[in-house]
Amino acid sequence: MRTTSSITVGRAAEIGLLGDVLSAARQRAGGAVFLLGEAGIGKSRLAGECAYQAYGLGLPVLRGRGSSTGTVTPFRPLIEALSSRFRAAGPPADPELAPYRPALARLVPEWRDGASAAGTGAYPETVVELAEALLRLLAVLGRDQGCVLLLEDLHDTDAETVAVLEYLVDNLDGLPVLLLGTLRAEPGPALDLVRTAERRRAATVAELRPLPPTEVAALAAAILESEVADVPAAVIDQLAARGDGCPYLVEELLADMLDSRALHRGEDGRWTLPGGPRTGVPSTIVRSWSRRIDQLDPQVRELLLTAATLGSRFSVTTVQLITGYDDRTLFSHLRSASEANMIVPDGAAPDRYAFRHALTADAVTAALAPAERAALARRAARAIVRTDPELADERRQLVASLLLAGGDRAGAAVHFAEAGRRMLEAGAASSAVILLERARELAGDAERTTVTERLLPALAEAGQLDRAFELARTLPPVHADRGPARTPAVERRIDLHTRLAWAAVMAERGPDAVAQVAAVRTLSADRPRPEQDAALAVVEGHLALLPVHDPQDRTDTATRLAEAERRARQAAEVAERAGLPVVACQAWQLLALLARERGFDAADACLERMLAVAEAHALPVWRVEALLRLGANAFMRTGDGTRLERAREAAAGLGAIMLTQTLDGLLAMNAVLRGEWDTAREIVDRCLDATARLRNLAAHRYLLLCSATLAAHRGRGRETERELARFRQAGGEESFLMPLRYGLCRAVGALLAEDRAGATAELAAGLVWEQEHPSVFYLAGRHGLHPLLEVADGRWGRAELDRAVASPAAELAWNRQFLGFAEAVLLGREGRSAEATRAVTEARLTAAPFPLAHHLALRLTAEAALADGWGDPVTWLRTAEEYFHQAEVQPVAAACRTLLRRAGASVAQHRGGRDAVPARLRTCGVTVREYEVFVLLAARPGNQELARKLSISPRTVEKHMANLLAKTGRTDRAGLCDLASELCGEG
């Protein structure tokens, strides 16, 4: 007879909830639901009900579970879930997933070969990047009907999976995805996640309570295939009293009654309990399993006891290693255990079996005496090590757990520590922390320091810097040897503090970095080995760029930066000779930043060297970093974003999502400066939410500033202030982006509002900021727009402008255009009219990629030319007026018209049809009516014919002809007709 229920008893509210969230997911209103309760309470049964409903509705179900063996395997439930879907059908080939495939290759084995074939190597993506990639994959899978990600036993999952789930929970709204998880209410990261998500209403938590007696009766009746009335009341009372409302315990108690014949059918077919109700405790469950196991063949019993020491789920391969059974014997015993209803095949993995319930394995091992359990665990550990000396990560953790169960704490500590070290090398820092913390707890006093030294870098890479620095302070001191050689302990400690210093400086934690550097200096007696000094020089160089530096350092900023550059160059050379390519890349990257003050040729040379090192040593992330900075420099020098586009393609191909977002921000700002408003808007709208989800704060702030700058460059003051408020709320005003906020955004916005005093004030504020902070931004106004305004307003003369032109930043196209116009204004003021006019022509060529800046500078220059009597200010003003009218920046367009009137020039009326006038004629001031005459001149008609065709008087035609000759510069009617023949097809 079946001893489990074929139906779900009770849980009507929970089943209703699951039906509702499934319907919501189909309507793109995804969310997260967690089923919480003790072992055996019915979580898996409800999860199965949900999966059954989803299959019926056509929703894909991706199903995985945490490991019950106590081993830590990063992302195991997610890998299992995706494999459950893709094992037969294969992963989706949607083009929109292409940028995310390299990151997803960590979860989808089918995509790993492609990454290798590309020759780029694996990209060590952050957990958040991987979570974003998974979110995109789930959205694609659920695009038509919705989809379900079902993850069970989350209390047994790894820290990386919990981090991914936290991200998913916060970002499922609006997506066709249901995340359903089950877990016990056991303290740990998974429970913390669930409780936190519940408090902020990001997830629904259904806590499964014990079944009331009426539902216990219904469950018993379902198992016995009878009506409730036919089940003896004594049976129901005993099940309710001793089963605690737990469906699993109820099933096991009932199975025990049936196996022992305490409950059986009489000859009349009715159920009877001849002995009456039993007394005692639910330890009957343990005795029941012991009795069942004792009835099995001894070898099957041995196999089950061995498997139970491995947890509620176990690998067939591992059991075979321990028992030594051949395939035929092993699978024969597994079939016997399965027929005894003790184990079942694990559908998620073909090489695995699971006990019928998590409590089953506990009950099996509980039937053994403690000494026997410990001996069995030690024997299993020895067998695994003997047959697999290399010990893959999961198996090594299993050995550690078995040794711990066998009482060997020191041996367990060794294996946990080694597993943690390997996990850190694989990039799973959070899991490494868990394993190394466990090793540290088990290690003896002599070994604890060594384990702690391994733990600290893992904590730093996992982002737990506070914990890392706190723990570092607890390390016992090691004494530096003043002799020519240092002990290995000192060398390890120097390397450790250097790694912590790098982590601190990358997190912009200046004081912590200074403290770690001081520790290195003390340990090395200020005599670090050359390769140690190289790594230290890179850290100290970045410290020189931070606002917070060593308070004992009294040198001025320029001297400090010069020394940082000298040491960084030396570090790059040493690192390359010593075979430390990462340190070399770090040094060349730092040198590229510092060398900009001397010129961008020098900066690019450093980046090209960094690129060569990265490619020679197969460092794909550093390669993209070099391409990114080379692309940024190329854009600043020429206004051409082609290299930025190529760098983005490389970052996307590598799966470097956060680097891709950084490049998207640069491309958005590129589009703003080039006046490509729609492109800039598309990039910002596409990327802004993703950077917020990924907590890529640097890229997020930059995109917010791009959005504000876009509004400012379109003359939309209120929108600019709204976007700047968002920038401020994201902490932008505490970031290094402030020079751009002052000069590139607000100052330009003020000029487009014809508020020159406001623009000057914004630029001045930016200069003050840059004097107080090191700055790596060269387009913020200090080197271009500020000199033009100072010259135009008469505050600067030749000496000041020459100093500005001598700056390396003057070679950048954005700055060079403004400096060219400033030179023209100054030449005109000096009475050198021809030279001034040529300077305008040259500046306009430089400014061609930047239409808004071009026409804004032209408007400022024309005003100066009009005042000083040189050049062609009327044409320049008409050109600028036409541009700003079309761009709907009315304050500047109106100012241009005012200046045209002051010059005595005609001012175009912007009537309907003006867009049909070619730009070449509009900038000459040709009106719509005049253009109507001009178009007909291509056929060379007389004035009378023109008057008849246009229904105007011959006198009016003569007036229009005179205006056209004057505005186009043609000397006679024939020349005007030739021009009409040339242009009549334009417009």
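Residues numbered from 1 in each chain as written. Predicted model: local features only at pLDDT ≥ 70, side-chain atom pairs only at ≥ 80, totals over all residues. Heavy atoms only, no water.

(A) A look at the pairing of strand 10 (residues 352–355). Burial of strand 10 is two-sided: the residues Arg 352 and Ala 354 facing one way and the residues Tyr 353 and Phe 355 facing the other way are all buried. Alignment of strand 9 (residues 343–345) against strand 10, held across three bridges, turns out to be antiparallel. Bridge pairing links Val 344 to Ala 354 in strand 10. (Buried < 20%, exposed > 50% of the residue type's maximum accessible area, 1.4 Å probe, protein only. Helix = DSSP H or I, 4+ residues; strand = E, 2+ residues; numbered from the N terminus. Pairing = 2+ DSSP bridges.)

(B) Quick peek at the pattern of salt bridges. For the structure shown, the criterion picks out 67 salt bridges. Between Arg 467 and Glu 437 there is a salt bridge, and its shortest N-O distance comes to 3.1 Å. Taken as a pair, Arg 467 in helix 22 (residues 465–472) and Glu 437 in helix 20 (residues 429–442) lie far apart in primary sequence, 30 residues in all. Given the relative accessible area of 18%, Glu 437 is considered buried. Here Arg 795 makes a salt bridge to Glu 790, at a shortest N to O gap of 3.0 Å. (Salt bridge = Lys/Arg side-chain N within 4 Å of Asp/Glu carboxyl O.)

(C) Focus on the pairing of strand 4 (residues 177–183). Counting buried residues along strand 4, seven of its seven residues qualify, which places the element largely inside the surrounding structure. Residues Val 177, Leu 179, Gly 181 and Leu 183 of strand 4 are buried on one face, and the alternating residues Leu 178, Leu 180 and Thr 182, pointing to the opposite face, are buried as well. Taken together, the six bridges between strand 1 (residues 31–36) and strand 4 define a ladder with parallel strand orientation. Each bridged residue has a counterpart across the sheet, and for Phe 34 the counterpart in strand 4 is Gly 181. Where strand 3 (residues 147–152) and strand 4 come together, five bridges link them in parallel fashion. Considered in strand 4, the bridge of Val 148 is made with Leu 178. Once you follow strand 3 into helix 7 (residues 159–171) and on to strand 4, the crossover reads as right-handed. (Right-handed = clockwise from strand over helix to strand, strands pointing away.)

(D) Examining the packing of aromatic side chains more closely. Considering all chains together, one arrives at nine aromatic pairs under this definition. An angle of 85° between the planes, with centres 5.6 Å apart, marks the rings of Phe 600 and Tyr 778 as edge-to-face. Of this pair, Phe 600 sits in helix 28 (residues 600–616) while Tyr 778 sits in the loop between helix 36 (756–772) and helix 37 (785–792); the two residues are 178 residues apart in sequence, bridging distant segments of the chain. Residue class for Phe 600 comes out buried when judged on its relative accessible area of 0%. Assessed through its relative accessible area of 4%, Tyr 778 is described here as buried. Judged by centre distance (5.1 Å) and plane angle (85°), the rings of Tyr 883 and Phe 884 are edge-to-face. On the basis of relative accessibility, which here comes to 0%, the residue Phe 884 falls in the buried class. Through a chain of ring-to-ring contacts, the aromatic side chains of Phe 314, Tyr 353 and Phe 355 assemble into a single cluster. Taking the ring centre of Tyr 742 as reference, the NZ or CZ of Arg 741 above it sits at 5.1 Å. (Phe/Tyr/Trp six-rings, centres within 6.5 Å; stacked < 30°, edge-to-face > 60°. Lys NZ or Arg CZ within 6 Å of the ring centre and 35° of its normal.)

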